[in-house]
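# Observations on the model geometry
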Amino acid sequence: MKPEEFEKRRQQLMRMVGQDGIAILPSAPVRMRSRDVEYRYRQDSDFYYLSGFAEPDAVLVLVPGRTNGEYLLFCRERDREKELWDGTRAGPEGAVEIHGADDAFPIDDIDDILPGIIESCTRVYYTMGMYSDFDTRIAEWINSLRLRESKGVHTPQEFVALDHLLHDMRLYKSRAEVKAMRKAAKVAVQAHERAMKTVRPGMMEFEVEAEFRYEFRRNNAWVSYSPIVGSGGNTCTLHYVDNNHELKDGDLLLIDAGCEVDYYASDITRTMPVNGRFSPEQKAIYEIVLEAQLAAIDRTRRDVAWNEPHDAAVEVITKGLKQLGLLEGSTAKLIEDEAYRRFFMHRTGHWLGMDVHDVGDYKVGDQWRLLEPGMVTTVEPGVYIPNESDIPAKFRNIGVRIEDDVLVTADGPDVLSKGLAKLPAEIEALMGAA
Ligand code: GLY
Ligand code: MN
Ligand code: MN
């Protein structure tokens, strides 16, 4: 992402914050995995969106009315000894020279500097409740001003939820963001292809997971969530991540795996027969989900309500399950009673972007939002047949989900994850191609 992209975002936000406002964002904290071992650091999405600054222990401040600098960064100072262990730091000098801050200060000086800047502002834009330690610090800075009110010190009059503004911005993807998302989708498509060519009976689910991790890392990408690699009955566990069972001849394998490239995620699911050939029952369920997914993608268009792709998928799935005898009754009544939820219990999609379940409201007031160009959503209907006695044995434990990432454009849906085998014949051909 070019520096101008971050600059553009800051300018857009500052126009909304206004001349008498201040926006304050903390970096993500370093999190411990176990004892003294840290998780790999990943910057907070909102913080990164505005700065491109990937270090911890930093605070980003935007003060549109400040004549001697609107964009301030507080960050760690350079430190020979610490950099020897953990790698280089930008330091306040680098924050200005490399990252384009107007002014930057050591993070240890923030208590002395920031309250004085807050004092000159009427409104504070801040996302409460994300990082409770930082919430406390904000309260302390405001209190330190209040204590001096009798000496003529001002305190801000309004606190505004920053996330509303910022998350609405993040919902509309720019050209540069779409480019990163295409890359994330492409790498994940390659990984799914690699896995499909590798799968065979007797392999372990974790061995298939390893193919994804290998393909991601060799493309400088990371998993954007724990890969779901479930075979047999595990296909029906929506967030199955144990990935420790053997792939059995005759079973299905459901893989939900995506990656993050340059802070943007992909999220793709494919379902395939372990032995490379769908059984008639597996194929029957698969074709219902496929038809539902294509119908939902076709409704992922501008000026269509967010819920419509889901409604389209529900209708196809309800009718399909009726035809197979798994649901009985009138389609309208089955939909009204949500009878399909026994087999399709999740939503058809979610916003996708810097986060897998990305930010942005799904409703405006009590109305579903209309889709607009630049929004990216997943389209991922599924059917999961439980292992229950009232269901014909031949259908039990069949779980199918098909998930693609779709950009809404002026010219219709643009499937970012296109090109990956999806028709049963395409999947069988790829699996036979090893
Ligand atoms: N991988 C999580 C989801 O599909 O929402
Ligand atoms: Mn997924
Ligand atoms: Mn998803």
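One can find the structure itself at the top, above this paragraph.
In what follows, the accompanying structure is described.

Calculation criteria
Residues numbered from 1 in each chain as written. Chains lettered and ligands numbered in written order. Predicted model: local features only at pLDDT ≥ 70, side-chain atom pairs only at ≥ 80, totals over all residues. Heavy atoms only, no water. Donors = N, O, S within 2.8 Å, 3.2 Å for Na, K, Ca; no water. Tetrahedral: all angles 85-135°; square planar, octahedral: opposite > 155°, others 65-115°. Helix = DSSP H or I, 4+ residues; strand = E, 2+ residues; numbered from the N terminus. Buried < 20%, exposed > 50% of the residue type's maximum accessible area, 1.4 Å probe, protein only. Near = heavy atom within 4 Å. 1 Å grid on protein atoms, 1.4 Å probe; cavity = no way out; pocket = protein on both sides within 12 Å on 5 of 7 lines; lining within 4 Å. Sits in = over half its atoms within 2 Å of the grid points. Nonpolar A, V, L, I, M, F, W, Y, C, P; charged D, E, K, R; others polar. Contact = heavy atoms within 4.5 Å. Pairing = 2+ DSSP bridges. Axes fitted to C-alpha atoms, helices over the stretch in contact; angles between N-to-C directions. Core = buried A, V, L, I, M, F, W, Y, C linked by side-chain atoms within 4.5 Å. Phe/Tyr/Trp six-rings, centres within 6.5 Å; stacked < 30°, edge-to-face > 60°. Lys NZ or Arg CZ within 6 Å of the ring centre and 35° of its normal.

## Observations regarding the coordination of the manganese ion (ligand 3)
Within the protein, the manganese ion (ligand 3) binds to D267 (OD), H350 (NE2), E380 (OE) and E403 (OE); these donor distances fall in the range 2.0 to 2.2 Å. Note that the manganese ion (ligand 3) binds six donor atoms; their angles at the metal cover 51 to 155 degrees, and the shape is irregular. Look at where the donors of the manganese ion (ligand 3) fall in the sequence and you get D-x82-H-x29-E-x22-E. Separation of the manganese ion (ligand 3) from the manganese ion (ligand 2) amounts to 3.2 Å, with D267 serving as a shared donor to the pair. With E380 in the loop between β17 (376-379) and β18 (382-384) and E403 in the loop between β19 (399-401) and β20 (404-409), this residue pair connects regions lying 23 residues apart in the sequence. Judged on exposure class, the residue E380 and its partner E403 are both buried.

## A short note on the site of ligand 1
Close to ligand 1 lie Y225, D256, D267, H350, H357, E380 and E403, which account for all nearby residues. The pocket occupied by ligand 1, as judged from atoms lying within 2 Å of grid points, is the second largest pocket. Classifying every residue of the shell around ligand 1 by side-chain character gives one nonpolar, two polar and four charged.

## Quick notes on helix α7 (residues 162-171)
Taken residue by residue, α7 has L162, L166, H167, M169, R170 and L171 as its buried positions. Considering only its buried residues, α7 is in contact with α1 (3-17), β1 (21-26), α2 (45-51), β7 (123-126) and β8 (158-161).

## Some words on the sheet that holds β20
Taking strand neighbours across the sheet as the criterion, the three strands line up as β17-β20-β21 in an open arrangement whose pairing is antiparallel. At either margin of the open sheet sits one strand with a lone partner, and together these are β17 and β21 (412-415). Going from strand to strand, the sheet's axes swing by 40 degrees on average, the running direction of each strand aside. Here β20 pairs with β21 via four bridges, running antiparallel. Each bridged residue has a counterpart across the sheet, and for V408 the counterpart in β21 is P413. Its contacts with the sheet place helix α10 (residues 280-298) against β17, β20 and β21, and it is angled at close to 160 degrees to β17.

## Topic: the coordination of the manganese ion (ligand 2)
The protein atoms that coordinate the manganese ion (ligand 2) are D256 (OD), D256 (OD), D267 (OD) and E403 (OE), at distances of 2.0 to 2.4 Å. One can describe the donor arrangement at the manganese ion (ligand 2) as irregular, given that its six donor atoms subtend angles of 57 to 172 degrees at the metal. Sequence positions of the residues that donate to the manganese ion (ligand 2) give the spacing D-x10-D-x135-E.

## Let's talk about the nonpolar core
In terms of nonpolar packing, the biggest core is built from 59 residues, with V208, I255 and I385 touching the most fellow members. The element contributing the most residues to this core is α10, with eight residues. Here I255 is in contact with H192, A195, V208, F212, I228, V229, I268, T269, R270 and M272, once residues within four sequence places are set aside. Judged by nonpolar contacts, the second largest core, of 39 residues, contains A58, A95, V356 and L407.

## Observations concerning the pairing of β20
Of all six residues that make up β20, six are buried, and the element is covered over most of its length. Residues of β20 alternate between two faces, with D404, V406 and V408 on one and D405, L407 and T409 on the opposite face, all of them buried. In terms of strand pairing, β17 meets β20 through four bridges, oriented antiparallel. Pairing of T377 across the sheet is with V406, part of β20.

## What to know about the packing of aromatic side chains
Enumeration according to the criterion identifies 11 aromatic pairs in this entry. Geometrically, the ring pair formed by W351 and Y362 is stacked, given 5.1 Å between the ring centres and 5 degrees between the ring planes. Remark: Y362 occurs in the loop between α12 (331-336) and β15 (363-364) and W351 occurs in the loop between α12 and β15; sequence separation between them is 11 residues. The buried category is assigned to W351, whose relative accessible area is 0%. Grouped by ring-pair contacts, the aromatic residues F6, Y48 and Y263 constitute a single cluster. If you follow R217 out to its NZ or CZ, it ends over the ring of W222, 3.7 Å from the centre. Seen from the ring of W368, K363 lies directly overhead, with NZ or CZ sitting 4.6 Å from the centre.

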